[in-house]
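Breakdown of the fold
So the chains spell out like this:
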Amino acid sequence: MQGLSSLMVRELSLAVRAGGGAGLGLGFFLIAILLMPLGIGPDMGLLARAAPGMLWIAALLAALLSLDRLFQADYEDGTLDVLATAPLPLEAIAAVKAAAHWLTTGVPLIVAAPVLAVGLGLPTPAQIWLLAALTLGTPALSFIGAIGAALTVGLRRGGLILSLLVLPFYIPTLIFGARAVDLAARGAEPLPMILLLGALTLLSLVLGPVASAAALRINLR
Amino acid sequence: MGLTIDSLTLSRGGRTVIDGLTVALAEGGALVLRGANGAGKSTLLRAIAGLGRIDRGTVALRLDGEPADLAEHIAYAGHLDAVKPQLTLAENLTFWSQLTGGAPGAVDAALQEMGLDRIADQPASTCSAGQRRRLGLARLLLAPRALWLLDEPTVSLDAASTAALARHIAAQSARGGMVLVATHIDLALPQAQFLDLQPPTSLPGDHAEDPFLSSAFG
């Protein structure tokens, strides 16, 4: 247990030091959302209607941005070899790394999203549901993404292939997440969508570490 | 008794590099792997570390007469040093110490042993290649492990550090630990066994299985 907590501390401190890329996802998210009104125009009704989808798509892409370094950096400097021979299950290591990715990429998005939602004119009742949907949905982005990052770990410029590999698997999260916020904005009941979103995240929490560890083992051989 | 490798066959890139290797190493022993580039030294060390695929054969460890789980008793130091340039030397080692269950104070002791205590608070990005290698090797001193697997540990080390490494290997043997080391230079280890690996010879039958290649080279 102590090994895993020190791995988490190290992942977080590496993320906030130079070149760690902790602010990268958040910066991308902010700029992408700020570009939307410039592209679509100052029609507040249109912006408010498109806001759930825009926020979710920007969140998917922001999560993807720092995903390619999740295992790649450790693979290149030999850390992954030593981690794999450490007295810890590789599944637990993959789970900790994915959780650290969520803490440094997903959580800042959750904090920033309500502010941006106000800017886009999302109706007030929908904002609490946006917060709930992002909180429940973004862990799936990190844990599904970890599988893709583990599969592409040995590849040069694997980040591009990673995007093609992972984005299709983000679709269910995108659909349920955006739909929940959209339903809330129209005054309908968003709870079923939120529950489905939570189910997807639970599934990814279980499958992600196991599949990532299997992919890492294949790539280390 | 110690490490037993029985008729081990390993391949790299679909080609057999080690074919039916049988060797035993008693507790307290050191085995030096020698051989030309591509003879399979790294492949063998990685396979024992559990990082490579074993085609045939077994690797078994017995400690004090009891069968032991290989994964819990090895320390592997490969070509790469597993050093994060953003962290200080002490932070790098502290992490590995916590991960491998090192005793408190093990980090300071290891830094001192490797002559890195004066620069312990510097980021590892400021290290020279030799200092980084010494930091990578300091990992071995954090927690006791029955079997050290060292892949070319002397690369970029100066003469004094190489002698220090030989001393640490001798100390590991004196504790009853085992060392498998692939190296091209003479570490002057007393009582070390030597294993000369031959680079794989291309068998005449190799290409015949592929109809395209056999017609091309026929």
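Residues numbered from 1 in each chain as written. Chains lettered and ligands numbered in written order. Predicted model: local features only at pLDDT ≥ 70, side-chain atom pairs only at ≥ 80, totals over all residues.

A closer look at the overall build of chain B
For chain B, the helix and strand inventory stands at six helices and nine strands. When the backbone C-alpha atoms are referred to their principal axes, chain B occupies close to 65 × 40 × 30 Å. Counting over 218 residues, chain B shows a buried share of 38%. The long-range fraction of contacts in chain B, counting pairs at least 24 apart against all pairs at least 6 apart in sequence, stands at 70%. (Helix = DSSP H or I, 4+ residues; strand = E, 2+ residues; numbered from the N terminus. Buried ≥ 20, exposed ≤ 12 C-beta atoms within 10 Å, placed from the backbone. Contact = placed C-beta atoms within 7 Å.)

Quick word on helix α7 (residues 124–151) of chain A
Residue and element names in this part refer to chain A. End to end, α7 covers 41 Å across 28 residues, agreeing with the expected 40 Å (1.5 Å per residue, within 8%). Largest kink in α7: about 25°, centred on Gly-137, with the proline Pro-139 one to four residues after it. Burial of α7 is extensive: 22 of the 28 residues sit out of reach of the surface. (Expected span 1.5 Å × (residues − 1). Bend = angle between axes of the 7 residues up to and from the residue.)

Side note on the packing of helix α2 (residues 89–100) of chain B against helix α3 (residues 106–113) of chain B
Residues and elements named next belong to chain B. Remark: α2 packs on α3, axes separated minimally by 9 Å, with the N-to-C direction vectors making an angle of 125°. The orientation of α2 with respect to α3, classified from their angle, is oblique. You can see that α2 and α3 cross each other, and the crossing is right-handed. Of α3, the residues touching α2 (which contributes Leu-89, Ala-90, Leu-93, Thr-94 and Ser-97) are Ala-106, Val-107, Ala-110 and Leu-111. Grouping the constituent residues of the contact of α2 with α3 by class yields seven nonpolar, two polar and no charged. (Axes fitted to C-alpha atoms, helices over the stretch in contact; angles between N-to-C directions. Parallel < 35°, antiparallel > 145°, perpendicular 65-115°, else oblique. Left-handed = near helix turned anticlockwise from the far one by under 90°. Nonpolar A, V, L, I, M, F, W, Y, C, P; charged D, E, K, R; others polar.)

Comments concerning the sheet that holds strand β1 (residues 3–12) of chain B
Residues and elements named next belong to chain B. Read across the sheet, four strands follow the order β2-β1-β4-β5 without closing on themselves; strand pairing throughout is antiparallel. Where the open sheet ends on each side, the last strands, each with one partner, are β2 (15–25) and β5 (66–68). Across this sheet, the average inter-strand angle for adjacent strands is 35°, counted without regard to direction. As paired strands, β1 and β2 are joined by seven bridges and run antiparallel to one another. (Pairing = 2+ DSSP bridges.)

Notes on the interface of chain A and chain B
At the interface, 20 residues of chain A touch 20 residues of chain B. For the side of chain A that touches chain B, the elements supplying multiple residues, two or more each, are α1 (2–16) and α5 (79–85) of chain A. Classifying every residue of the side of chain A that touches chain B by side-chain character gives eight nonpolar, seven polar and five charged.

Quick look at the confidence of the model for chain B
Averaged over every residue, the pLDDT of chain B is 86; the share at 70 or more is 91%. Complex prediction metrics read pTM 0.89 and ipTM 0.84. (pLDDT = per-residue confidence, 0-100.)

Re the sheet that holds strand β9 (residues 193–196) of chain B
All names here are of chain B. Spatial ordering of the open sheet is given by β6-β7-β8-β3-β9, a layout of five strands whose pairing is parallel. The open sheet has two free edges, formed respectively by β6 (74–77) and β9, since each of these has just one partner strand. When the angles between neighbouring strand axes are averaged without regard to direction, this sheet yields 15°. Across the sheet, helix α1 (residues 41–48) touches β3 (30–34), β7 (147–151) and β8 (178–182), and the angle it forms with β8 is around 150°.

Digging into the environment of Leu-137 of chain B
Residues and elements named next belong to chain B. Along the chain, Leu-137 falls in helix α4 (residues 129–138). Sequence-wise, Leu-137 and Ala-75 are 62 residues apart; in three dimensions their C-alpha atoms are separated by 10.0 Å. Beyond its immediate stretch of four places on either side in the chain, Leu-137 contacts Ala-77, Met-114, Pro-153 and Leu-165.

Section: the packing of α1 of chain A against helix α6 (residues 90–119) of chain A
Residue and element names in this part refer to chain A. Put simply, α1 and α6 touch, their axes get as near as 9 Å, and they point 35° apart. Relative to α6, the crossing made by α1 is right-handed. On the side of α1, the interface is formed by Leu-4, Leu-7, Met-8, Glu-11, Leu-12 and Ala-15, while α6 contributes Ala-92, Ile-93, Val-96, Lys-97, Ala-100, Leu-103 and Thr-104.

Describing unusual backbone geometry
Residue and element names in this part refer to chain B. With a phi angle near 50°, Asp-64 is a residue other than glycine that sits in the positive phi range. Here Asp-64 is to be found in the loop between β4 (56–63) and β5. Notably, Glu-152 is not glycine yet its phi reads approximately 50°, a positive angle. Tracing the backbone through its elements, the reader meets Glu-152 in the loop between β7 and α5 (159–174).

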